[in-house]
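Summary of the model geometry
Below are the chains, spelled out letter by letter.
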Amino acid sequence: AREEIGPGAVLLRGWALPRVEDLLVALAQVTAAAPFRRMVTPGGFEMSVAMTNCGPAGWVTDRSGYRYASQDPLTGLPWPPLPGTVRDLARAAAAEAGYAGFDPDACLINQYEPGARLTLHQDRDERDKGHPIVSLSLGLPATFQFGGLKRTDPVRRVALAHGDVVVWGGPSRLFHHGVLPLKDGVHPLLGARRINLTLRRAF
Ligand code: MD5
Ligand code: FE
């Protein structure tokens, strides 16, 4: 079922469910080589969300700013390859949402434990902001917030559950968005956490 939740933003509820086992295997391979870590913002705050990456471009933040890097600063090695399952799923979801030809080079993996949140922001570190963003949710449910182009635009809330995929294209690509503090809970497959894979074209 496709649900348009904003201009150019399409929610595909449960779209990833048939692929969850493969995704968890791929996730374990990535995090064995590039473990989750809590990065520091340019302002000096440690993020509550733990992150890692796979694919040619990895999103990083430290005291010098936000950027995409081809190497993991923790190991000095290239990020682990983008697993075929993840790439295929992102491409199929984008096509289903009307964005055929999407070819991601960046997969940011966010791990939320209870209390972790992402404050309202825009995704602006990608070279060509015309490409959509595909986000895939696993584990505990979260309340996602999305507003508009202006920080002060009214914010809508959407519940995102295990297996949900959202394709953020068109005007929504640059909308402000965030994730409310994760509520306590235990997911049967993921435990006490939510994992979000965010696929982008960065370079
Ligand atoms: C998450 N991650 O649930 C989200 C999924 C991030 C981030 O926001 O930057 O790591 S991506 C959600 C997204 C992307 C682009 C536009 C919009 C939402 N939007 O218009 O609401 O961990
Ligand atoms: Fe974002």
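Check the entry above for the structure.
On a predicted model such as this, the values are computed, not experimentally measured, just so you know. (Residues numbered from 1 in each chain as written. Chains lettered and ligands numbered in written order. Predicted model: local features only at pLDDT ≥ 70, side-chain atom pairs only at ≥ 80, totals over all residues. Heavy atoms only, no water.)

1. What to know about the coordination of the iron ion (ligand 2)
For a metal with four tetrahedral donors the ideal donor-metal-donor angle is 109.5 degrees, while six octahedral donors give ideal angles of 90 or 180 degrees. Our working definition: Note that water is not among the atoms considered, so a metal site may appear incomplete; the donors listed are N, O and S atoms within 2.8 Å of the metal, with 3.2 Å applied to Na, K and Ca. Only protein chains enter the area calculation, which uses a 1.4 Å probe; residues under 20% of their type maximum are buried, those over 50% are exposed, and those in between are partly exposed.
The protein atoms donating to the iron ion (ligand 2) are H121 (NE2), D123 (OD) and H177 (NE2), with metal-donor distances spanning 2.0 to 2.2 Å. Written as a sequence motif, the donor residues of the iron ion (ligand 2) are H-x1-D-x53-H. D123 gets classed as buried once you look at its relative accessible area, which sits at 7%.

2. Points about the sheet that holds strand 10 (residues 156-160)
What counts here: Being paired, for any two strands, means DSSP has found at least two bridges between them. The numbering of helices and of strands both runs from the N terminus, where a helix is a DSSP run of H or I of at least 4 residues and a strand a run of E of at least 2. For helices, the axis comes from a line fit to the C-alpha atoms of the stretch in contact; other axes are also lines fit to C-alpha atoms, and the angle between any two N-to-C directions lies between 0 and 180 degrees.
A sheet is described by the order of its strands in space; here four strands give the open sequence 7-12-9-10, paired in antiparallel fashion. Every interior strand has two partners, whereas the edge strands, strand 7 (118-121) and strand 10, have only one. Direction aside, the axes of adjacent strands within the sheet are offset by 20° on average. Pairing analysis gives three bridges linking strand 9 (residues 142-146) to strand 12 (residues 177-179), with the strands arranged antiparallel. Residue pairing for strand 12: Q145 is matched across the bridge by G178.

3. Some remarks on the pattern of salt bridges
What counts, and what does not: Each reported salt bridge corresponds to a side-chain nitrogen of Lys or Arg within 4 Å of a carboxyl oxygen of Asp or Glu.
Counted by the stated rule, this structure contains 14 salt bridges. Of the charged contacts in the structure, one is a salt bridge between D103 and R87, with a shortest N-O distance of 3.2 Å. Of the two residues, D103 is situated in the loop between helix 2 (84-96) and strand 6 (106-112) and R87 in helix 2; the sequence distance between them amounts to 16 residues. Judged by relative accessible area, R87 falls into the partly exposed class, the value being 33%.

4. Considerations on the nonpolar core
Which entries qualify depends on this criterion: Here, the term nonpolar core denotes a set of buried Ala, Val, Leu, Ile, Met, Phe, Trp, Tyr and Cys residues that are joined through side-chain atoms within 4.5 Å. Every residue pair with non-hydrogen atoms within 4.5 Å of one another is taken to be in contact.
Counting residues in each nonpolar core, the largest one holds 32 residues, and the members touching the most others are I5, M51, W59, Y112, F146 and W168. Residue assignment for this core shows that the elements contributing at least two residues are strand 2 (9-12), strand 4 (58-62), strand 5 (65-69), strand 6, strand 9, strand 10 and strand 11 (165-168). If we skip the residues at most four places from it in the chain, Y112 touches V49, R117, L118, V179, L182, A192, R193, R194 and N196. Grouped together as the second largest cluster of nonpolar side chains are 27 residues, A16, L23, A93 and L190 included.

5. Description of the side chain of T41
Note that T41 resides in the loop between helix 1 (20-33) and strand 3 (50-54). Note on T41: relative accessible area 15%, which makes it buried. Apart from residues no more than four positions distant in its own chain, T41 is found in contact with M47, T61, D62 and R63.

6. Points about the environment of S137
Note the threshold: Two N or O atoms form a polar contact when they lie within 3.5 Å of each other; inside protein one atom must be a possible hydrogen donor and the other a possible acceptor, and for residues adjacent in sequence the pair counts only when both atoms belong to side chains.
The topology assignment puts S137 in strand 8 (residues 133-139). Reaching out from S137, the side chain makes a polar contact with the side chain of N196 at a distance of 3.4 Å.

7. A look at helix 1
Definition in use: In a helix, the anticipated span is given by 1.5 Å times the number of residues less one. This arc is built from the directions going out from the helix axis to the C-beta atoms.
Over its 14 residues, helix 1 extends 20 Å from the first C-alpha to the last, a length consistent with the 20 Å expected when each residue adds 1.5 Å. Buried within helix 1 are the following residues: V20, L23, A26, L27 and V30. Taken around the axis of helix 1, the buried residues stretch over an arc of 120°, which confines them to a single face. In helix 1, the exposed positions that point more than 90 degrees away from the buried face belong to E21, V25, Q29 and A32. Along its buried surface, helix 1 packs onto strand 3, helix 2, strand 6, strand 8 and strand 13 (194-200).

8. What about the site of ligand 1?
The criterion, for reference: Throughout this document, a residue counts as near a molecule or strand when at least one of its heavy atoms sits within 4 Å of that molecule or strand. Classes in brief: Ala, Val, Leu, Ile, Met, Phe, Trp, Tyr, Cys and Pro nonpolar; Asp, Glu, Lys and Arg charged; the others, Gly included, polar.
Neighbouring ligand 1 are 20 residues, the closest being Y112, S172, H177, R194 and R200. Taking H121, its side chain carries an N or O atom lying 3.1 Å from an oxygen atom of ligand 1. Between ligand 1 and the protein, one listed contact pairs an oxygen atom with a side-chain N or O atom of H177 at 2.9 Å. Put simply, the parts of the chain that give the shell around ligand 1 at least two residues each are strand 6, strand 7, strand 8, strand 9, strand 12 and strand 13. At four residues, the largest contribution of residues to the shell around ligand 1 is made by strand 13. Of the residues contributing to the shell around ligand 1, the split by class is nine nonpolar, seven polar and four charged.

On their own, these measurements won't tell you what the molecule is for.
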